[in-house]
Structure formats: structure tokens, C-alpha cells
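What the coordinates show
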Amino acid sequence: MSKDDTSTPVPAPPPAVPAPDPAPTGSDDDGARRGAWASTRPLLLRLHFYAGVLVAPFIAVAALTGLVYVWTPQLEQVVYADLLTVEAGAGTVPLADQVTAAAETRPDATVLAVRPAADPGDATRVLADADGLPESHRLAVFVDPHTGEVLGETTSYGSSGSLPVRSWVATFHRNLHLGETGRIYSELAATWIWVIALGGTALWIGRRRRAVRRVLLPDTSATGRARTLSWHGAVGVWALVGVLVLAATGLTWSRFAGENIGELRQAWGWSTPSLSAPAPSDHGGHTGHGEHSGHGDHGASAVDVDAALASARDAGLSGSVEVTLPVEEGAAYTVRETGDRWPTRKDAVAVDSVTGEVVEELRFADHPLPAKLTTWGIAFHMGLLFGVANQVLLTVVALGVLALVAWGYRMWWLRRPTRAGAWTVGRPVARGAWSALPWWGKALVVAIAVAVGLLLPVFAVSLAAFVLVDLLLAARARRGTAAT
């Protein structure tokens with residue numbers, strides 16, 4: 001034994017202090033939640049990464065073209081000022097005479113409807129069917145309501161009455177002028193942007209959940225990739241609601257998902273109602289006298305378009321309206337409000353072409369709530385619901401989406417290996433996210449993917465493509481590891 005061994009013995013450690021009892025309330029649930037989030041987060045990260053990298057270009061194109069479309073109403077007013085506006089006068093020519101004047105300039109066309117001037121400085125728009133027009137397009141002849149002079153003609157697209165500049169931009173936004181095949185691009189963007197937005201928001205809140213300020217505001221003190229992530233997350237939270245509304249309304253116009261959504265709305269009674277198109281009147285064999293002014297081949301009627309419009313005004317229709325002329329002898333006129341501004345007025349009536357009486361009414365107030373939400377959502381998507389305020393809001397959302405895409409690619413670039421080649425891209429999130437899920441988590445993910453895929457076929461196909469790409473990359477990585 002050495003001298004050191006004879007030193008004073010080291011005192012025994014004090015008795016261990018018993019560990020505090022676990023919190024009696026919520027600790028098991030909190031632990032379960034933390035465990036569920038810990039196993040779900042890697043899968044969300046991987047899905048957000050792949051969807052962001054592969055779909056972001058389509059989202060960026062949709063945002064950019066949508067940004068241009070939002071301001072086309074003002075552009076339309078400038079480009080077609082000579083057709084849309086007139087010098088306000090003291091009186092107006094009968095609407096039937098205006099229709100006749102328009103029909104005489106294009107005897108080869110069949111007049112279908114007329115949109116009377118809503119304000120003294122507006123022109124009347126007479127809509128007709130003519131050979132050679134694309135689908136959903138009508139010939140639009142503009143008439144000065146004060147003089148009856150024909151101002152000119154162009155084409156009108158859809159129920160919104162878009163003129164060529166706006167309809168060209170709308171088609172570019174919808175399908176890049178590539179026909180039905182091109183619609184897949186916009187459907188892919190609308191299909192995935194809500195998945196990316198919701199997943200990214202969950203990841204960001206999960207990362208910053210202890211500080212609300214850090215969730216809603218970027219961290220300006222951070223640098224490098226952390227600073228970019230801070231801006232990406234905060235702006236994404238602010239843009240979430242607008243992105244979800246645009247995605248939902250955009251899907252209603254899509255090629256495949258739109259058909260499925262339409263079938264569901266019809267099955268659940270959520271479709272937008274329409275007039276039942278009353279059968280031709282039969283009043284003791286009386287079929288009217290004289291040709292309907294301005295109809296061309298639309299048959300005889302005792303009531304002209306002025307009387308039909310007056311009956312609709314008496315029934316409460318106001319503002320901008322479209323009067324559809326009878327398609328056969330004795331059939332009814334239909335008059336509908338066309339305004340998209342809030343408060344929404346979309347009332348419609350049918351007017352008997354023999355008696356001039358309103359025989360059917362359809363009030364927007366009586367529409368099912370889902371139909372109203374669809375109408376409001378589409379008007380919001382087009383930037384029409386709240387006028388300029390709506391346009392400004394959509395501009396902010398579109399610019400925010402473009403910034404999110406740019407920040408996402410920047411973060412991907414900053415993840416690249418610093419010692420690799422100049423063109424090496426960033427690393428994806430580590431594999432193993434799927435195997436880390438509990439069995440019930442895997443079952444839930446599969447069930448959600450199948451349900452969403454049945455409604456949104458483009459989502460199903462693109463998700464399968466993502467999985468296939470991931471499997472191919474994993475196989476290549478395993479071969480590289482084995483070779484090393």
C-alpha cells in the first residue's frame with residue numbers, strides 16, 4: 001500500500017434525491033404527441049422537399065400568369081376603350097333597335113343575347129354565334145346606346161365576357177395555350193400547392209411553436225440558410241389562407257379533378273341552380289304577332305327585348321344584366337344579373353315572350369351555401385369580388401408565392417456539399433421516414449393518399465412518380481455504397 005492509500009478516506013456520496021413524480025395531468029398525452037410528431041416530421045420534410053423541388057416550377061408559372069391576369073380588367077378598358085365606352089347622352093335608343101343594328105352588320109351571325117349599357121358612359125354589347133369561333137367564344141358587337149351607331153366588333157369569352165386580351169391571358173394561365181394537354185400543368189400546381197402549404201406550415205409551427213412572434217415574423221438576426229428559412233416560413237404562414245382559397249377554386253376549373261368535384265357537388269345537391277327553361281307558352285293558340293326585332297331567325301314574339309328587360313327590372317334585377325333571347329317561337333326570355341362584386345347579385349328570371357310576365361325567379365339568396373361559396377371563391381380567384389382591393393390582395397399572394405419558390409430553391413442550393421462540384425445540388429432529407437412511422441401511421445398515410453388520389457387523379461400519378469424517383473435514387477445510393 002502506498003502513502004497515498006493511507007490518506008483520509010473519501011466521504012460517501014449523499015443519498016440520492018428521489019426523482020420528482022411525473023406530472024399527474026397530460027404528461028402521457030404530451031409524450032404521445034411528441035412521439036407522433038417526431039415520427040411524422042421526417043415524412044413531412046421529405047414530402048415537402050420532393051414536392052417543392054419538382055412542382056415549384058409549375059407553381060411559379062401559375063402564380064406569374066395569374067398575377068398578370070388579375071390586372072387585365074384595367075388593361076381591357078384601355079385596349080378596347082373605343083368599344084367599351086361612349087360619350088354620355090341625354091337619351092337612349094330602344095334596346096330592340098340596338099340589337100337590330102348589330103344584327104344588320106353581321107347577317108351571317110345569329111344573335112343570342114344582349115348586355116344593355118349599365119351606365120351612361122357604357123356601350124351595349126350584342127352577343128351572337130358565328131362560324132369559325134373557338135369553343136366558348138361569341139361574337140360581340142358594340143353599339144352606342146344613345147345613337148344606335150355600331151362601334152365595332154370583337155370576340156367575347158365565357159360567361160364573364162372577357163375580350164381577346166383578357167381571354168388570351170386567361171387561356172395562358174389555364175393551359176399555356178397547349179390545349180387540353182396543357183391544362184395538366186395548372187392542375188398539377190393546384191393539386192400540390194395546398195399539400196406543400198399545409199405541410200410547410202406544420203413544419204414551421206412545429207419548429208417555432210414556443211414563440212408565436214417567431215412563427216409570424218422572420219428572424220432578421222439570423223444569417224445564411226437560417227435567415228432564408230426564417231423568411232420562407234413566416235411568409236408561408238401569412239400566405240396560407242390565400243393559397244388554399246386559390247387552390248380550391250382553381251381545382252374546380254381543372255380537367256380531371258374538376259370533373260370529380262362537379263360530380264360530387266351534383267350528388268350532394270351543391271350545384272349552382274339554374275332556371276328550368278320554361279316550355280313555349282300556349283295561350284289558346286296565340287303565338288304572337290310580328291317578327292321579334294333584331295332576332296334574325298329566333299321566331300315571332302309579342303314581347304320585344306325592351307319589354308322583357310322592363311319586366312326583369314320590375315322583378316328586382318338591377319345593375320349589369322344579360323338578356324338571352326328565345327331560341328324558338330314562344331319560348332321565354334331569360335335575364336340574369338352578371339355582376340361579380342360584393343354584395344353578390346346573381347338573380348335570374350324567365351319572362352314569357354307572349355305575355356311579358358315573369359314566369360320563374362331564381363334568387364341568389366336561395367342558392368345552397370356551397371354554391372354561394374363556389375361563386376364567391378371563383379370571383380375572388382379572378383380578382384373581381386372586392387374590386388381593386390381584391391386585385392391588390394391577390395398580387396401580394398402571388399408575389400409571396402414567387403418569393404417562397406425562390407427561397408425554397410435557395411435553401412436547396414445552400415444544402416449542397418461545399419466540397420463537391422460547382423453543379424452539385426442540395427441533399428434531400430435523410431431516408432428512413434417511412435420506416436420510422438408506427439403501423440397505424442402508415443395505414444393513415446396510405447388511406448389519406450388513396451382518398452385524395454381518387455378525387456385528384458393528377459395528385460395520385462405525380463405522387464407515384466415521386467415515390468418511383470425516390471426508390472431509384474435509393475437504389476443508386478445503395479449501389480454506390482456497395483461499390484465503395
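Residues numbered from 1 in each chain as written. Predicted model: local features only at pLDDT ≥ 70, side-chain atom pairs only at ≥ 80, totals over all residues. Heavy atoms only, no water.

- Per an unreviewed UniProt entry, the protein chain is named PepSY-associated TM helix domain-containing protein, and its organism is Nocardiopsis lambiniae.

1. What to know about the overall build of the protein chain
- The helix and strand tally for the protein chain stands at 15 helices and 8 strands.
- Buried residues in the protein chain amount to 40% of all 484 residues.
- Accessible area of the protein chain: about 26,400 Å², with a carbon and sulfur share of 63%. (Helix = DSSP H or I, 4+ residues; strand = E, 2+ residues; numbered from the N terminus. Buried < 20%, exposed > 50% of the residue type's maximum accessible area, 1.4 Å probe, protein only. Areas by Shrake-Rupley, 256 points an atom, 1.4 Å probe, with all protein chains shown as cover.)

2. Section: the pattern of salt bridges
- On inspection of all chains with the given rule, the structure shows 12 salt bridges.
- Taking the shortest distance from any N to any O, the salt bridge between Arg166 and Glu76 comes out at 3.1 Å. Taken as a pair, Arg166 in helix α5 (residues 164-175) and Glu76 in helix α2 (residues 72-79) lie far apart in primary sequence, 90 residues in all.
- Note that Arg363 is salt-bridged to Glu361, the shortest N-O span being 3.1 Å. (Salt bridge = Lys/Arg side-chain N within 4 Å of Asp/Glu carboxyl O.)

3. As for unusual backbone geometry
- Residues Trp342 and Pro343 are joined by a peptide bond in cis, for which omega reads 0 degrees.
- In this fold, Pro343 is placed in the loop between β6 (333-337) and β7 (348-351).
- One non-glycine residue with positive phi stands out, namely Leu176, at about 60 degrees.
- With respect to the secondary-structure elements, Leu176 resides in the loop between α5 and α6 (179-208).
- Overall, the relative accessible area of 25% leaves Leu176 in the partly exposed class.

4. A word on the packing of aromatic side chains
- Applying the stated criterion across every chain, the model contains 11 aromatic pairs.
- Measuring from ring centre to ring centre gives 5.0 Å for Trp268 and Trp270, while their planes differ by 70 degrees; the resulting arrangement is edge-to-face.
- Note on Trp270: relative accessible area 36%, which makes it partly exposed.
- Between Trp342 and Phe386 the ring centres are 6.2 Å apart and the planes differ by 45 degrees, which places this aromatic pair in the tilted class. Of this pair, Trp342 sits in the loop between β6 and β7 while Phe386 sits in the loop between α11 (369-381) and α12 (388-414), placing them 44 residues apart in sequence.
- Residue Trp342 is classed as partly exposed on the basis of its relative accessible area of 47%.
- Look at Phe386 and you get partly exposed, because its relative accessible area is 42%.
- Here the aromatic residues Phe49, Tyr50, Tyr409 and Trp412 are joined through ring pairs into a cluster of three or more.
- Its guanidinium or amino end placed over the ring of Phe364, Lys372 lies 5.9 Å from that ring's centre, counting from NZ or CZ. (Phe/Tyr/Trp six-rings, centres within 6.5 Å; stacked < 30°, edge-to-face > 60°. Lys NZ or Arg CZ within 6 Å of the ring centre and 35° of its normal.)

5. Considering a positive patch on the surface
- On the surface, a cluster of positive charge is made up of Arg207, Arg213, Arg214 and Arg225.
- With respect to the secondary-structure elements, Arg213 resides in helix α7 (residues 212-216). (Patch = residues over 30% accessible without salt bridge, like charges linked within 9 Å, V, L, I, M, F, W, Y side chains within 5 Å. Lys, Arg positive; Asp, Glu negative; His and termini not counted. Charge placed at Lys NZ, Arg CZ, Asp CG, Glu CD.)

6. Quick look at the confidence of the model for the protein chain
- Model confidence for the protein chain is summarised by a mean pLDDT of 83, while 83% of its residues fall at 70 or above.
- For the stretch residues 1-28, pLDDT sits under 50, and the model shows 1 contact to residues farther than four places along the chain or on other chains.
- A low-confidence stretch, residues 279-300 stays under pLDDT 50, and its non-local contacts, those more than four residues away or across chains, total 48 contacts. (pLDDT = per-residue confidence, 0-100. Contact = heavy atoms within 4.5 Å.)

7. Re the UniProt feature "transmembrane region" (unreviewed entry) in the protein chain
- Within this structure's numbering, the places UniProt gives as "transmembrane region" (unreviewed entry) are residues 49-71, 184-205, 384-409 and 444-469.
- Summarising residues 184-205: 100% helix, 0% strand, and an end-to-end C-alpha distance of 32 Å.
- Along residues 444-469 one finds 96% helix and 0% strand; the C-alpha atoms at either end are 23 Å apart. (UniProt positions renumbered as here; feature names shortened; annotations may be inferred.)

8. Some thoughts on a nonpolar patch on the surface
- Where nonpolar side chains cluster on the molecular surface, the patch consists of Trp434, Val445, Val446, Val450 and Leu454 and spans about 450 Å² of accessible area.
- Position of Trp434 among the secondary structure elements: in helix α13 (residues 433-436).
- Since its relative accessible area comes to 39%, Trp434 is described here as partly exposed.

9. Remarks on helix α10 (residues 305-314)
- Three or more residues of α10 are buried, namely Val305, Ala308, Leu309, Ser311 and Ala312. Seen end-on, α10 carries its buried residues on one side only, within an arc spanning 160 degrees.
- Where α10 is buried, its residues touch α4 (95-105), β1 (110-115), β5 (321-324), β6, β7 and β8 (358-362).
- Looking one or two residues beyond α10, the residue adopting positive phi is Gly316, at roughly 110 degrees. (Arc of directions from axis to C-beta.)

10. Some words on the environment of Val114
- Relative to the elements of secondary structure, Val114 occurs in strand β1.
- Linking Val114 and Ala128, residues 14 residues apart in sequence, is a C-alpha distance of 8.6 Å.
- Setting aside anything within four residues of it in sequence, one finds Val114 in contact with Leu95, Val99, Thr124, Arg125, Val126, Val305, Val321, Glu322 and Val323.

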